[in-house]
Amino acid sequence: MEELPGSGDRAVSLASSLAVGGASNETVVFTEYYLETRPSLRAYLTSFIHDHAAVEDCLQETCLVLWKKKEAHWTLEDFRKVAFTCARFKALSWLKKNKPASHLSFSPEIAQKLALKAAETVGADGDTQSERMEALLKCLEALPGEQRHLIEVRYDPAESEDLVQMAKKKNRTLSALYKQLERTRTALRNCVKMQLTRCKA
Amino acid sequence: MKQEITKKPELPPDEELAMLVDGFLDGNLSEAQRDALEKRLLSDERDQAYYADRVRFHAELQEVMQPIRVEVLQKRHLVFERKQGLPRFMARMSQVVRIGNPVSGSFLELPPDLIELSTLRRRLWIIGGALLLLVLGLVALAVWQAKRAAIVDPVILALKNEGFEQVDLIDDEDALSYTILNWQDFFLSRDVSTCDLARFSQGRYTAHSGNNVAQIRPLGYLTQILLYSDGSPLLAQKGLHIRVRGWALIEGDNKREVPLRIDLRVVQEVKPEMRQYEPSHAEARLGGKGWQEFCVDLPLPTDSLVMIPSDVEPGDTNRALLDVSGKVLNLSIHNRQTLPPVIYLDDLSIEIVSEESAEKHSEPESPTE
């Protein structure tokens, strides 16, 4: 296995790093498209499926279908179109098989509508996915320690503590933590918006 | 920067929507709250846009917080094979890209393995199903064989035509037949018959069971080679102990006991000179009216089965000793009275009392004809 250089700047270094590693051009292009589309695909799938592990599975299965369907002339936009179609089938198939609790999902019709909305937000502001991710990283770094820890507890799978434990430890109610989480997300979202506006300016 | 984040939050359309959307993403909405959110999202485009933005941001946070690793993996395939007797060596290299999360260990390979995950799962299901069917089939077969083994009758010593019902006398006008199946082995007695007792006695008597009985007139006898239920013969062995039971009826008003002689015999020769040996014999004393049960024990000697003939042709003086061990035994039942009464027999049975001695060994010697 070869470690790839330039891990800090994924978009810039990925193609050249993969090429240096000996991956074929076809694989390099596909990987770039997949990584670029992954966050919006995740958002799309999250509108259907609440279960995080199931979303991961659907992402992987979608990727495998895309590999089989891919064509040499595809642009990123072509890739995205097929990707969302495949993801929809995977999500609906998962829902049919698993029938999640009703309070954890919307009806398939509204879920599909919202998923499309989530997918449409990509590129709507003229930002690329990688620009958004960079901005988010910067904003995360700028978060005060306690809020940063809250985000890590909620989103980092390597974090051993969960929100219930954290609430106990801090002697706070779980709903108070969720409220804080909501505010932190809003603050981060605003920060990202601001970062992207600054870049454009 | 920190001040910008903490001091200038941009508010969502309203607090309730923010709470509902984030509650949904965190999975802590009640059903009523989920319904309220769905209702708002159905009716308001602005709310939909807020939700879409929030979901996307939530997904981006997940992407950022979960380490994603992209690796180039070099695969080497070294193959050695023998084709048409000639050794052949092949070396092939390929690169694959692996994308995944090093924490969860969940990786995706590009190009993927030839077998797609879903196909692999399907194949595993099929193999699993086939194995399950195979196991179920084997279990069913084992159960069936066990049941089959359980219903196979054990090999026992049994009399044939023990109730004398094998000859059908319904169309026989006098209700009597000289044919008495399985009871005339080696020798034919003219003084025994199969008899439909109720008709024959015009209602004075009835059979102990069924319609027919064996009628043994004075000097009449029945003989049957003793066979196990699998058809193999019972052979004479030291210490063998046989028990015979049955039901007997003495015709008329007989006031004295009538003996019924029962023997275990070995028929060594039939022609030109009859010679029989009698390793065991017993007598049932019959008396009284109606059907009476009798039971006789026929033990064979435990020390030696070398004996002189019991029955020979009149005038034959050959009394040569013979070891009857391993010879086929037959059962003889005699009415040795020279005068009436007639004896009727029904429902005979036989059993081995001392089973350890009743071993079936080598092929029996046939009597010389």
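Engineer: An account of the packing of aromatic side chains is needed here, citing residue identities and associated values.
Structural biologist: Within the structure shown, the criterion is met by eleven aromatic pairs over all chains. Look at Trp74 of chain A and Phe79 of chain A: their rings are 6.2 Å apart centre to centre, the planes differ by 85°, and that puts the pair in the edge-to-face class. Using a relative accessible area of 1% as the deciding quantity, one classes Phe79 of chain A as buried. For the pair Phe106 of chain A and Tyr51 of chain B, a centre-to-centre distance of 5.8 Å together with 70° between the ring planes defines the contact as edge-to-face. Of this pair, Phe106 of chain A sits in the loop between helix H4 (76-98) and helix H5 (108-120) while Tyr51 of chain B is found in helix H4 (residues 45-65), placing the two residues in two different chains. Classification of Phe106 of chain A as buried rests on a relative accessible area of 5%. Owing to a relative accessible area of 0%, Tyr51 of chain B belongs among the buried residues under this scheme. The rings of Phe30, Tyr33, Trp67, Trp74 and Phe79 of chain A are connected pair by pair, giving a single aromatic cluster. It is Lys70 of chain A that lies over the ring of Trp67 of chain A; its NZ or CZ is 3.9 Å from the centre. For Arg88 of chain A, the ring lying beneath its charged end belongs to Phe89 of chain A, and the centroid distance is 5.1 Å.

Engineer: Tell me about unusual backbone geometry, residues and numbers included.
Structural biologist: Residues and elements named next belong to chain B. A cis amide bond, omega 20°, links Pro340 with the succeeding residue Pro341. With a phi close to 70°, Phe186 is a non-glycine residue in the positive phi region. Of the residues examined, Phe186 reaches a relative accessible area of 31% and is grouped as partly exposed.

Engineer: So what's going on with the layout of surface pockets? Residues and values would help.
Structural biologist: It is a probe the size of a water molecule, rolled over the atoms, that shows where empty space is left. Considering only enclosed or pocket space, the second largest pocket measures out at about 450 Å³ in volume. Around the second largest pocket, the lining is made up of 15 residues, and of these Glu61, Lys90, Ser93 and Lys97 of chain A together with Arg121 of chain B lie nearest the centre. Those elements that place two or more of their residues in the lining of the second largest pocket are helix H3 (52-69) and H4 of chain A together with helix H5 (117-151) of chain B. With seven residues, the top contributor of residues to the lining of the second largest pocket is H4 of chain A.

Engineer: Any chance you could break down the nonpolar core for me, citing the residues and the numbers?
Structural biologist: The biggest cluster of nonpolar side chains holds 57 residues, and the ones touching the most others in it are Tyr34 and Phe106 of chain A together with Leu37 of chain B. Here this core spans two domains, and each of domain 1 (1-63) and domain 2 (65-143) of chain B adds at least three residues to it. Residue contacts for Phe106 of chain A: discarding those within four places in its chain leaves Ser47, Ala111 and Leu114 of chain A together with Phe24, Arg34, Leu37, Glu38, Leu41 and Tyr51 of chain B. Grouped together as the second largest cluster of nonpolar side chains are 43 residues, Ile216, Leu260, Leu300 and Leu348 of chain B included.

Engineer: I'd like a rundown of the pairing of strand E17 (residues 330-334) of chain B, residues and numbers included.
Structural biologist: All names here are of chain B. Here E17 lies mainly inside the structure; five of its five residues are buried. Judged by which residues are buried, E17 turns out to be covered on both faces: Asn330, Ser332 and His334 on one side and Leu331 and Ile333 on the other are all buried. Sheet topology note: the strand E8 (residues 221-225)/E17 ladder contains five bridges and is antiparallel. Along E17, the bridge assignment pairs Ile225 with Asn330. The pairing of strand E11 (residues 258-269) with E17 spans five bridges and is classified as antiparallel. Bridging from a neighbouring strand, Ile262 pairs with Ile333 of E17.

What counts and how
- Residues numbered from 1 in each chain as written.
- Chains lettered and ligands numbered in written order.
- Predicted model: local features only at pLDDT ≥ 70, side-chain atom pairs only at ≥ 80, totals over all residues.
- Heavy atoms only, no water.
- Phe/Tyr/Trp six-rings, centres within 6.5 Å; stacked < 30°, edge-to-face > 60°.
- Buried < 20%, exposed > 50% of the residue type's maximum accessible area, 1.4 Å probe, protein only.
- Helix = DSSP H or I, 4+ residues; strand = E, 2+ residues; numbered from the N terminus.
- Lys NZ or Arg CZ within 6 Å of the ring centre and 35° of its normal.
- 1 Å grid on protein atoms, 1.4 Å probe; cavity = no way out; pocket = protein on both sides within 12 Å on 5 of 7 lines; lining within 4 Å.
- Points joined across faces, edges and corners; volume = space filled by probe spheres on them.
- Core = buried A, V, L, I, M, F, W, Y, C linked by side-chain atoms within 4.5 Å.
- Domains from an automatic or database assignment.
- Contact = heavy atoms within 4.5 Å.
- Pairing = 2+ DSSP bridges.

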